[in-house]
Amino acid sequence: MKERGSFFVVPGIVWVLLFTIFPLVYSFRVSLSRVAYGRITGFAGLANYARMFQDYRFWGVLGFTLIFVIFSVAITVSLGLLLALVFNRKMRGLRFFRALMTTPLFTAPVALGYLGVMMFYEENGPINILLQTLGFSKVPWLSDIFWARTAVIMVDVWQWTPFAFIILLAGLQSLPDEVYEAAVLDTSSGWDIFRYITFPMISPVLGTVIMLRLVDAFKVFDIPFALTNGGPGTATRTLTFYVYTQGLRNFDLGYASAMAYFLMFMSLAVGIFFFRRYRSLYE
């Protein structure tokens, strides 16, 4: 009976070996090799990794990637927490608004990117028309470096705020009412209740949301690809976008694999640092 049960595990093991372990090992081999026209032609050692630090485009895309991660995660989590606090009370139409709020989460990122092209269109886009109606001048959303980066971050925030909202709302609704009933006897300040009761109790959930958003933000590709195509110039090109252009447009697979491994190790380092700092708060 035990042997028959083990048989059903085999497809899962084969799947992991074929689609996770093998690509990981093979791409590491490619990152240490010279590649021409998709074929490995020789051993390159760490040359592809050393090349990254001499490539000014690499530093440019790395800088934008870090800017994107910091601002996108900070705004997404802040807005998600604010909305969760607002909706964590009895009000009419609550279920309808919850469902409406989560709509962007179920839309493909590339579709949101192309929708953003229409929304941020500089001549007749609805955002610029609204700004002009309110007396402001038009904003060069897609042709100016600062505003193009802002637009990419705004679309990502639009999509992922519902994710933070759902998780944090579930966390808020799991908190015991008795604690708040006792707190109301000591203070009438909503800020004090949030600062000394709600925030400490919801911190583990908040940390999980930040961790998941960090990992996802480092991998962003669809939105800058569809919204700005990495422009103007390479101002909104992220590290994953640069890996794509080097690997699948220029067929420089060795260099692209080295950058992909750099991104993986950077994400792992951020995750390990975050977990250790977060765990130290509860030990």
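Residue positions are given per chain, counting from 1 as you read along its sequence in written order. Only residues with pLDDT of 70 or above have their local features reported here, since the model is predicted, and side-chain atom pairs are shown and tallied only from 80 upward, although totals for entire chains, interfaces and linings are computed over all residues. As a convention, hydrogens and water are excluded, and side-chain values are obtained from all of the structure's heavy atoms.

- For the chain, the name recorded in an unreviewed UniProt entry is Sugar ABC transporter permease, with Thermatribacter velox as its organism.
- UniProt positions are given in the numbering used here, feature names are shortened, and annotations may be inferred rather than shown by experiment. According to UniProt, the comment filed for the chain under the heading Subcellular location (unreviewed entry) is "Cell membrane".
- The record in UniProt for the chain states the following under Sequence similarities (unreviewed entry): "Belongs to the binding-protein-dependent transport system permease family."

## Some words on the overall build of the chain
At step 1: Summing up its helical and strand segments, the chain has 13 helices and two strands in all.
At step 2: Along the first, second and third principal axes, the C-alpha set of the chain runs to 75 × 70 × 35 Å.
At step 3: Here's how the labels work: a residue is buried when its accessible area is under 20% of the maximum for its type, exposed when over 50%, partly exposed in between, all with a 1.4 Å probe on protein chains only. Each of the 283 residues in the chain was classed as buried or not, and the buried ones make up 38%.
At step 4: Partitioning the contacts of the chain with sequence separation of at least 6, the portion at a separation of at least 24 is 65%.
At step 5: Using the Shrake-Rupley algorithm and a 1.4 Å probe, accessible areas are obtained, with residue cover drawn only from the displayed protein chains. Looking at the chain as shown, the accessible area adds up to about 17,200 Å², and 69% of this sits on carbon and sulfur atoms.
At step 6: With 22 positive and 15 negative side-chain charges, the chain shows a separation of 9 Å between the mean positions of the two kinds. In this text, helices come from DSSP runs of H or I with a minimum length of four residues, and strands from runs of E with a minimum of two, each type numbered from the N-terminal end. Residues count as neighbours in contact if any of their non-hydrogen atoms are within 4.5 Å of one another. The positive count covers Lys and Arg only, the negative count covers Asp and Glu only, and His and the chain ends enter neither. Think of each charge as sitting on NZ of Lys, CZ of Arg, CG of Asp or CD of Glu.

## Brief notes about the pairing of strand 2 (residues 39-43)
At step 1: Where strand 1 (residues 33-36) lies against strand 2, four bridges are found, and the strand directions are antiparallel. Its bridge partner being in strand 2, A36 is matched across the sheet by R39.
At step 2: From the end of strand 1 to the start of strand 2, which pair antiparallel, there are two residues, and Y37 there has a positive phi angle of about 55°. At least two DSSP bridges between two strands are required for those strands to pair.

## Points about the UniProt feature "domain: ABC transmembrane type-1" (unreviewed entry) in the chain
At step 1: Using the residue numbers shown here, the UniProt feature "domain: ABC transmembrane type-1" (unreviewed entry) corresponds to residues 62-274.
At step 2: Segment residues 62-274 splits into 75% helix and 0% strand. End C-alpha atoms: 20 Å apart.

## Looking at the UniProt feature "transmembrane region" (unreviewed entry) in the chain
At step 1: In this numbering, the UniProt entry assigns the feature "transmembrane region" (unreviewed entry) to residues 7-28, 58-87, 99-121, 146-172, 193-215 and 253-275.
At step 2: Strand forms 0% of residues 7-28 and helix 91%; the C-alpha atoms that close the span are 31 Å apart.
At step 3: Here residues 146-172 is 100% helix and 0% strand, with 36 Å between the C-alpha atoms at its ends.

## Some thoughts on the packing of aromatic side chains
At step 1: Between the rings of Phe, Tyr and Trp (Trp by its six-membered ring), a pair exists once the centres lie within 6.5 Å; its type follows the angle of the planes, with under 30 degrees stacked, over 60 edge-to-face, and the other angles tilted. The full count for this structure, using the stated rule, is 22 aromatic pairs.
At step 2: Seen in terms of ring centroids, F221 and F225 are 5.2 Å apart; in terms of plane orientation they differ by 25°. Their pairing is stacked.
At step 3: Here F221 falls in the partly exposed class, since its relative accessible area comes to 22%.
At step 4: Among the aromatic residues, those joined into a ring-pair cluster are F53, F58, W59 and F262.
At step 5: Counting as a charge over the ring demands two things of the Lys NZ or Arg CZ atom: a distance within 6 Å of the ring centre and an angle within 35 degrees of the ring normal. Positioned above the aromatic ring of Y255, the side-chain terminus of R51 is 3.9 Å from the ring centre.
At step 6: Directly above the ring of F241 sits R237, whose terminal nitrogen or CZ lies 5.3 Å from the centroid.

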